[in-house]
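# Chain and residue survey
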Amino acid sequence: MENNTGMRQWLDDFKLSHPLVIAGPCSAETEEQVLDIARQLKDSDVSIYRAGIWKPRTRPGGFEGVGAIGLGWLQKAKAETGLLMAVEVANATHVKLALENDIDVLWIGARTTVNPFAVQEIADALVNTDKIVLVKNPVNPDLALWLGGVERLYNAGIKKLGVIHRGFSTYEKTKYRNIPEWQLAIELHDRFPDLPIICDPSHITGRRDMIQQVSQQALDLNYDGLMIETHNNPDKAWSDAAQQVTPERLKEIMANLKVRNKGAEDSAFNEQIEKLRLRIDEYDSRLIQVLGKRMRIADEIGALKKENNVSVLQGKRWKEVLERMKNEGLPENLGEEFILKLFRAIHQESIVHQEKIINSQHS
Ligand code: PEP
Ligand code: MN
């Protein structure tokens, strides 16, 4: 897949606003609910109405979606409001039904993007159609898998493409439902600047009080749009209740968003940012040097442990280091989660170094 493929042309063709806003319930529940929310979003900056019809649930027993009947409700909502309609598809049958019901936008969910068989099946079912297709990131932070999904669609002749960044699962508990790992989405955007990128703060945060902040972060990173789950009675939603907002709150969130300039024109600004970047570069170089020094000490410790036949991993010592660093991070305004990640990585590298020493020159 090359750049300049016209992948973002659809944004202009449909005269979609900047940022593009996709809103609507996690799940279509009843005809009244679908129509009520759509009516409330009609005269706003929302361009695309979303509703899950088939819901992939992590565990059985949850609400699995109303199924094909909901597609008729979306057709009614479209006729009444003029909004474009979007649903999640996970297989060829979903695609066929969505096409028959004049759905405008199909998105591939995070649990489907992980499966190349499923993505290929969807791509095959879309050959010779002209739909907008958005690929959510896979649940695991794997850029190749995400891109692979986009490429399968592109190779099937789908040209109106985009990606949705909805964050990644982790085993550890964090303040996010799915951690953003922004650098991954930024890398994707750098490699394919043509590919529209949409942030889904609802699934990233899992809670409605964080949606404003994460939406703003996405705009600050030049994202093209947002997908925000919106429900007329969020607390009573049949799925993802904690993260949905009312249409009224959505409008507030949109009004509060600051859309920044992309920068280029203002030379004083450029100069200033360039200087700041240079300072960052300098600190980054120092970080690498300090880490090198730290590892050389780890090597010495490794040699000592070898001489004394002591095991590499000393759990108590590691916990102490972590505690101390968390405390030292506080006045520097470094979050606990960051310190934990950073020192896990450093510790891991130390262990690798020490193992090397211990396993070298067997006598
Ligand atoms: C959704 O958009 O409701 C959904 C199921 O999302 P994801 O695939 O990101 O979990
Ligand atoms: Mn959802």
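Analysis parameters
- Per chain, the residues get numbers from 1 upward, laid out in the order the sequence is written.
- Following the order in which they are written, the chains are lettered starting with A and the ligands numbered starting with 1.
- Only residues with pLDDT of at least 70 are given local features in this predicted model, and only at 80 or more are side-chain atom pairs given and counted; all residues enter the totals for whole chains, interfaces and linings.
- Processing note: side-chain calculations cover all non-hydrogen atoms of the structure and skip hydrogens and water entirely.
- Nearness of a residue to a molecule or strand requires only that one of the residue's heavy atoms be within 4 Å of it.
- We define a polar contact as two N or O atoms separated by no more than 3.5 Å, with the added condition that, inside protein, one atom must be a possible hydrogen donor and the other a possible acceptor, whereas residues neighbouring each other in sequence contribute only through side-chain atom pairs.
- We get accessible surface area from the Shrake-Rupley algorithm with a probe of 1.4 Å; when it comes to residues, only the shown protein chains can shield them.
- In this classification, the charged set is Asp, Glu, Lys and Arg, the nonpolar set is Ala, Val, Leu, Ile, Met, Phe, Trp, Tyr, Cys and Pro, and all remaining amino acids, among them Gly, are polar.
- The numbering of helices and of strands both runs from the N terminus, where a helix is a DSSP run of H or I of at least 4 residues and a strand a run of E of at least 2.
- Accessibility here uses a 1.4 Å probe with only protein chains present; expressed as a share of the type maximum, an area under 20% marks a residue as buried, one over 50% as exposed, and anything in between as partly exposed.
- Residue contacts are counted whenever heavy atoms from the two residues lie within 4.5 Å of one another.
- Here a donor is any nitrogen, oxygen or sulfur atom (N, O, S) within 2.8 Å of the metal, with 3.2 Å used for Na, K and Ca; water is not among the atoms considered, so some sites may look incomplete.
- To obtain an axis, a line is fitted to C-alpha atoms, over the contacting stretch when the element is a helix, and the angle between two such axes runs from 0 to 180 degrees between their N-to-C directions.
- Relative orientations are named as follows: roughly parallel for angles under 35 degrees, roughly antiparallel for angles over 145 degrees, roughly perpendicular for angles from 65 to 115 degrees, and oblique for any other angle.
- It is the rotation of the near helix from the far one that decides the hand of a crossing: anticlockwise by less than a right angle makes it left-handed, clockwise makes it right-handed.
- Domain start and end points were adopted from an automatic or database domain assignment.
- In summary, the pairing rule links any two rings of Phe, Tyr or Trp, Trp by its six-membered ring, whose centres are within 6.5 Å, and it sorts them by plane angle into stacked for under 30 degrees, edge-to-face for over 60 and tilted for everything else.
- A positively charged side chain is recorded as over a ring if its NZ (Lys) or CZ (Arg) lies within 6 Å of the ring centre. The angle to the ring normal must also be within 35 degrees.

### With respect to the site of ligand 1
By nearness alone, every residue bordering ligand 1 is listed as Cys26, Arg50, Lys55, Glu88, Trp107, Gly109, Ala110, Arg111, Lys136, Arg166, His203 and Glu229. A distance of 2.9 Å separates an oxygen atom of ligand 1 from a polar atom in the side chain of arginine 111. Within the side chain of histidine 203, a nitrogen or oxygen atom sits 3.3 Å from an oxygen atom of ligand 1. Contact with the protein chains covers 97% of the free accessible surface of ligand 1, which is 290 Å². Taken together, the residues that form the shell around ligand 1 break down as three nonpolar, two polar and seven charged.

### Regarding the side chain of histidine 189
Locating histidine 189 in the fold gives a position in helix α8 (residues 182-191). Judged by its relative accessible area of 19%, histidine 189 is buried. Non-local contacts of histidine 189, meaning those with residues more than four positions away in its chain, are made with Leu195, Ile197, Asn222 and Asp224.

### A short note on the coordination of the manganese ion (ligand 2)
Around the manganese ion (ligand 2), the donor atoms from the protein are Cys26 (SG), His203 (NE2), Glu229 (OE) and Asp240 (OD), and they sit 2.1 to 2.4 Å away. Every donor residue of the manganese ion (ligand 2) comes from the same chain, spaced as C-x176-H-x25-E-x10-D. With cysteine 26 in the loop between β1 (20-24) and α2 (31-41) and glutamate 229 in strand β8 (residues 225-229), this pair connects stretches of sequence that are 203 residues apart. Both residues of the pair, cysteine 26 and glutamate 229, count as buried.

### Topic: the packing of helix α6 (residues 116-125) against helix α7 (residues 143-155)
Close contact between α6 and α7 brings their axes to 9 Å; oriented N to C, the two are set at 25 degrees. Looking at the two axes, α6 sits roughly parallel to α7. The interaxial crossing formed by α6 with α7 has right-handed handedness. Here α6 contributes Pro116, Val119, Gln120 and Ala123 to the contact with α7, which in turn contributes Leu145, Gly149, Arg152 and Leu153.

### Notes on the domain arrangement of the protein
Examined at the domain level, the protein breaks down into domain 1 (6-256) and domain 2 (267-359). The distance between the C-alpha centroids of domain 1 and domain 2 comes to 38 Å.

### Description of the packing of aromatic side chains
One pass over the structure, following the stated rule, counts three aromatic pairs. Ring geometry for phenylalanine 63 against tryptophan 238: centres 5.1 Å apart, planes inclined by 90 degrees, an arrangement best described as edge-to-face. You can see phenylalanine 63 sitting in the loop between β2 (46-50) and α3 (69-81) and its partner tryptophan 238 sitting in the loop between β8 and α11 (247-256), a full 175 residues away along the chain. Taking the centre distance of 5.8 Å and the plane angle of 80 degrees together, the rings of tryptophan 182 and tyrosine 223 count as edge-to-face. Of this pair, tryptophan 182 sits in helix α8 while tyrosine 223 sits in the loop between α10 (211-220) and β8, and the two are 41 residues apart along the sequence. Of the two residues, tryptophan 182 and tyrosine 223, neither departs from the other in class, the shared state being buried. Directly above the aromatic system of tyrosine 154 lies the positively charged group of lysine 159, at a separation of 4.9 Å from the ring centroid.

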